[in-house]
Amino acid sequence: MVKTGWMPRDAGGFVFVVLGFVLVAAGFVWRGLVLRPLSAKRAEAAGNRERSRNLLCSAGMAMAAARRRAASGEPAIVTVDDVTTMACQYYGYVVEREEAAAALRYAFEAADGQSDCMTDAFD
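The following paragraphs examine the structure supplied in this document. Residue indices follow the written sequence of each chain, beginning from 1 at its first position. With the structure being a predicted model, the display of local features is reserved for residues of pLDDT at least 70 and the display and counting of side-chain atom pairs for 80 or more, all residues being used for whole-chain, interface and lining totals. Computation of side-chain values: all heavy atoms of the structure, hydrogens and water removed.

## As for the overall build of the protein chain
Turning to step 1, where the next piece is worked out: What the protein chain contains, in helices and strands, is four helices and two strands.
Turning to step 2, where the next piece is worked out: Ordering the α and β elements of the protein chain from the N terminus gives α-α-β-α-α-β.
Turning to step 3, where the next piece is worked out: A simple rule labels every residue: compare its accessible area, found with a 1.4 Å probe on the protein chains alone, to the largest value its type can have, and call it buried under 20%, exposed over 50%, or partly exposed in between. Burial statistics for the protein chain: of 123 residues in total, 22% are counted as buried.
Turning to step 4, where the next piece is worked out: A separation of at least 24 residues holds for 60% of the contacts in the protein chain among residues at least 6 apart in sequence.
Turning to step 5, where the next piece is worked out: Entry remark: accessible area of the protein chain is about 9,600 Å², with carbon and sulfur atoms responsible for 62%. Strands are runs of DSSP state E lasting at least 2 residues, helices are runs of H or I lasting at least 4, and numbering of each runs from the N terminus. Note on contacts: a residue pair qualifies if any of its non-hydrogen atoms lie within 4.5 Å across the two residues. Methods summary: accessible areas were calculated by the Shrake-Rupley approach with a probe of 1.4 Å, and residue burial reflects only the protein chains presented.

## Description of the nonpolar core
Turning to step 1, where the next piece is worked out: Of all hydrophobic cores here, the largest spans 24 residues; its most connected members are Met63, Val83 and Leu104.
Turning to step 2, where the next piece is worked out: When contributions to this core are tallied by element, the ones reaching two or more residues are helix H2 (40–69), strand E1 (76–78), helix H3 (80–91) and helix H4 (97–110).
Turning to step 3, where the next piece is worked out: Leave out the neighbours within four places in its chain, and leucine 104 touches Ala59, Met63, Val78, Thr79, Val80, Val83, Thr119 and Ala121. Residues belong to a common nonpolar core when they are buried Ala, Val, Leu, Ile, Met, Phe, Trp, Tyr or Cys residues joined through side-chain atoms within 4.5 Å.

The structure is reproduced here in structure tokens:
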């Protein structure tokens with residue numbers, strides 16, 4: 001083994017490692033800042049959009065469940081109570097009957113009023 005003597009340390013590697021730690025720390029501090037609403041009004045609007053989207057999904061799930069329950073050749077019967085039950089089970093929402101009926105009407109019309117479904121949402 002040959003002794004080469006004192007060798008100066010390379011500062012480039014140290015700076016690279018420190019810069020990496022700084023970037024990781026900045027990522028933890030500012031994680032998701034862009035996704036957070038900046039105001040209460042925007043937060044409320046985002047919550048309303050999420051609620052209506054989840055309510056429409058509940059209406060779609062209720063229609064799909066009614067189609068699975070229906071026998072071959074008979075129409076699927078979807079009620080507003082089915083939508084409120086799905087919204088409560090899957091999303092934990094307590095939904096008014098009028099709101100669930102509106103979501104079911106919208107989902108029914110979006111499906112072009114398929115002839116294999118009947119609903120009480122238009123009453």
